[in-house]
Amino acid sequence: MSHWTAGDIPAQPGKLAVITGANSGVGFHAALELARAAAQVILACRNLDKAEAARRRILAQVPDAQVETALLDLASLASVRAFADKFLAQQRSLDLLINNAGVMALPTRQVTPDGFEMQFGTNHLGHFALTGLLLPAIFAAPAPRIVTVSSIAHRGGHIRFNDLQWTRGYKPWPAYRQSKLANLYFAFELARRLQTAHPNVASIAVHPGVATTNLFAAGPGQKKNLAGILAPIVISIIGQSDAQGALPTLYGATAPQAQSGHFYGSGGFRQMRGYPVEVRAETPAYDEAIAAQLWQVSEDLTRVQYSF
Ligand SMILES: NC(=O)c1ccc[n+]([C@@H]2O[C@H](COP(=O)([O-])OP(=O)(O)OC[C@H]3O[C@@H](n4cnc5c(N)ncnc54)[C@H](OP(=O)(O)O)[C@@H]3O)[C@@H](O)[C@H]2O)c1
């Protein structure tokens, strides 16, 4: 059986992609390969120096790449609005939005400037707001896709509607699981809502297996105990490369056979590594009542109303 690789990405000339958290890991490799396929790529990052360094790394490999950088801090609704306002003012249509940026298992509870628990705020609410605000540009594209990066860590997660922000009993991994399950509820619910009003727009969920990126050092690795020190080392042994981890994202973003409302991830051992395949989320992720409830709460918290 032949595997889907970056070499299978259809040519993307004339397409515009926004990738959040594109300065490292999965997001960087997604940007690199989309640029190689001749898409215009915007690296939407919270640190412009890191974004510029990533832009230069892409240009070193793809000299004619069309890559821009833009400031976007998903943890700040003001930053999300500023990014979206600036983007919409340019009157460009958006073919690909890749909701990739994320933080994982922060050892202690941190809050965003808006008062949200950092993982829920960044991984879910920031992307929920961003997508809703960018819809006018997305609807202006002929066959746009919104790709949301979840994780196998959605397994065992649940949405704590009685304390979404973990004000009581914060636990790093359950908080991460909640945020990654929220990514799935969002991607699937968005697909359902788009189906009638905008059937040409796809919402696709993906996960990168386990990939050796900065995610582990930036999250659990902050804790200078044995587990914190060992986490990035263990992941570097069992994980796949960040380039390989980007393949499900690239598949969801470009493969003609990828479908709205579906979930793609690494197809090898326990979905931790391997080439992109369609995967099934844990059953609770398909609960439409929970998805609708989370959608309403997310609109209320972000004050971003979806206009369809
Ligand atoms: N690596 C894995 O095994 C794995 C497994 C499952 C799912 N994922 C998911 O894959 C996605 C990408 O992660 P990665 O593994 O590639 O890790 P990474 O290398 O740490 O990349 C994460 C990116 O998100 C950015 N980011 C974090 N907080 C942000 C914020 N508030 N605003 C804007 N950007 C922000 C980071 O920026 P800075 O460089 O400035 O920190 C970085 O560019 C995440 O959604 C993660 O949950 C990863």
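Here the structure is a predicted model, which is why all the values come from computation and not from measurement.

Novice: I'd like a description of the packing of aromatic side chains, backed by residues and values.
Specialist: Overall, the coordinates contain 14 aromatic pairs when judged by the stated rule. Between the aromatic rings of Trp4 and Tyr251, the centroid separation amounts to 5.1 Å while the plane-to-plane angle is 80°, which identifies the pairing as edge-to-face. Note that Trp4 is positioned in the segment before strand S1 (16-20) and Tyr251 in helix H9 (residues 247-254), a separation of 247 residues in sequence. We note that Trp4, like Tyr251, is buried.

Novice: Give a detailed account of the environment of Phe188, specifying residues and quantitative values.
Specialist: Mapped onto the elements, Phe188 comes out in helix H5 (residues 172-197). Separated by 74 residues in the primary sequence, Phe188 and His262 place their C-alpha atoms 7.5 Å from one another. When near neighbours in sequence (up to four residues on either side) are disregarded, Phe188 contacts Ala205, Gly261, His262, Phe263, Ala281, Ala285 and Tyr286.

Novice: Lay out the site of the ligand with the relevant residues and their values.
Specialist: Taken together, 29 residues lie around the ligand, and Ser24, Asn100, Tyr176, Ala211 and Thr213 are the ones closest in. Leu74 is positioned with one of its backbone polar atoms (N or O) 2.9 Å from a nitrogen atom of the ligand. Side-chain polar atom of Thr213 to an oxygen atom of the ligand: 2.6 Å apart, as the coordinates give it. When the ligand is considered free in solution it has 890 Å² of accessible area, and contact with the protein chains removes 96% of it. Those elements giving two or more residues to the shell around the ligand turn out to be helix H1 (25-36), H5 and helix H6 (215-218). In terms of residue class, the shell around the ligand is made up of 13 nonpolar, 12 polar and four charged.

Novice: Got a sec to walk through the sheet that holds strand S2 (residues 40-45)? Specific residues and values, please.
Specialist: Strands in a sheet are paired, the pairing made by backbone hydrogen bonds, and the direction either parallel or antiparallel. Judged by pairing direction, the sheet is mixed, and its eight strands sit side by side in the order S3-S2-S1-S4-S5-S6-S7-S8 without closing on themselves. Edge positions in the open sheet fall to strand S3 (66-71) and strand S8 (276-279), since each of these has one partner strand only. Taken over all neighbouring pairs, the strand axes of this sheet differ in orientation by 25° on average, direction set aside. Strand direction decides the pairing type here: strand S7 (residues 263-266) and S8, joined by four bridges, are antiparallel. Bridging across to S8, Tyr264 finds its partner in Glu278. Relative to S1, H1 is tilted by about 165°, and along the sheet it contacts S1, S2, S3 and strand S4 (96-99). Strands S1, S4 and strand S5 (145-149) of the sheet are contacted by helix H4 (residues 118-139), whose axis makes an angle of about 180° with S4.

Novice: Can you lay out the packing of H5 against helix H10 (residues 288-302) for me, pointing to particular residues and giving the numbers?
Specialist: It is at 9 Å that the axes of H5 and H10 come closest, and there the two elements cross at 95°. Regarding the angle of H5 to H10, the classification is roughly perpendicular. Together, Ala182, Tyr185, Phe186, Glu189, Leu190, Arg192 and Arg193 of H5 and Glu288, Ile290, Ala291, Ala292, Leu294 and Trp295 of H10 make up the contact between the two elements.

Novice: Describe the pattern of salt bridges, listing the residues and the values that go with them.
Specialist: If you walk through the whole model with that rule in mind, you get eight salt bridges. Glu52 is paired through a salt bridge with Arg55; the nearest N and O atoms lie 2.9 Å apart. Of this pair, Glu52 and Arg55 both sit in helix H2 (residues 48-61), separated by three residues, roughly a single helical turn. Residues Glu288 and Arg192 are paired through a salt bridge, measuring 3.9 Å at the closest nitrogen-oxygen approach. Of this pair, Glu288 sits in helix H10 while Arg192 sits in helix H5; the two residues are 96 residues apart in sequence, bridging distant segments of the chain. Connected via shared salt-bridge partners are Glu189, Arg192, Arg193 and Glu288.

Novice: Lay out helix H3 (residues 77-89) with the relevant residues and their values.
Specialist: Taking 1.5 Å per residue as the helical rise, H3 with its 13 residues ought to reach 18 Å, and the 18 Å between its terminal C-alpha atoms agrees with that figure. What H3 keeps buried is the set Leu77, Ser79, Val80, Phe83, Ala84 and Phe87. Seen from one end, H3 has its buried residues packed into an arc of 160°, which puts them on one side. Summarising the geometry of H3, the exposed residues directed more than 90 degrees from the buried face are Ala78, Asp85, Lys86 and Ala89. Of the residues flanking the end of H3, it is Gln91, one or two places downstream, whose phi is positive at about 55°.

Novice: So what's going on with the nonpolar core? Which residues, and what values?
Specialist: By size, the foremost hydrophobic cluster in this structure holds 49 residues, and its most contacted members are Leu94 and Leu134. Those elements that place two or more of their residues in this core are S1, S2, H3, H4, H5 and H10. Element by element, the count of residues in this core is highest for H4, at 10 residues. With residues near it in sequence (within four places) discarded, Leu94 still touches Leu16, Ala17, Val18, Phe87, Leu134, Ala137, Ile138, Ala141 and Pro144. Counting residues in hydrophobic clusters, the runner-up holds 38 residues, among them Ala22, Phe28, Ala54 and Val67.

Novice: Break down the layout of surface pockets for me, with residues and values.
Specialist: There is about 1100 Å³ of room inside the largest pocket. Every element with two or more residues in the lining of the largest pocket is listed here: H1, S2, H4, H5, H6 and helix H7 (226-238). Counting residues per element, the lining of the largest pocket draws most heavily on H5, which supplies four residues. In this structure, the second largest pocket occupies an estimated 200 Å³ of space. Together, Ile42, Glu68, Thr69, Ala70, Leu71, Ser79, Ala82, Phe83, Lys86, Phe87, Gln90 and Arg92 line the second largest pocket. Of all the secondary structure elements, the ones that give two or more residues to the lining of the second largest pocket are S3 and H3. No other element matches the five residues that H3 contributes to the lining of the second largest pocket.

Calculation criteria
Residues numbered from 1 in each chain as written. Predicted model: local features only at pLDDT ≥ 70, side-chain atom pairs only at ≥ 80, totals over all residues. Heavy atoms only, no water. Phe/Tyr/Trp six-rings, centres within 6.5 Å; stacked < 30°, edge-to-face > 60°. Helix = DSSP H or I, 4+ residues; strand = E, 2+ residues; numbered from the N terminus. Buried < 20%, exposed > 50% of the residue type's maximum accessible area, 1.4 Å probe, protein only. Contact = heavy atoms within 4.5 Å. Near = heavy atom within 4 Å. Polar contact = N/O pair within 3.5 Å; in protein donor to acceptor, adjacent residues only side chain to side chain. Areas by Shrake-Rupley, 256 points an atom, 1.4 Å probe, with all protein chains shown as cover. Nonpolar A, V, L, I, M, F, W, Y, C, P; charged D, E, K, R; others polar. Pairing = 2+ DSSP bridges. Axes fitted to C-alpha atoms, helices over the stretch in contact; angles between N-to-C directions. Parallel < 35°, antiparallel > 145°, perpendicular 65-115°, else oblique. Salt bridge = Lys/Arg side-chain N within 4 Å of Asp/Glu carboxyl O. Expected span 1.5 Å × (residues − 1). Arc of directions from axis to C-beta. Core = buried A, V, L, I, M, F, W, Y, C linked by side-chain atoms within 4.5 Å. 1 Å grid on protein atoms, 1.4 Å probe; cavity = no way out; pocket = protein on both sides within 12 Å on 5 of 7 lines; lining within 4 Å. Points joined across faces, edges and corners; volume = space filled by probe spheres on them.

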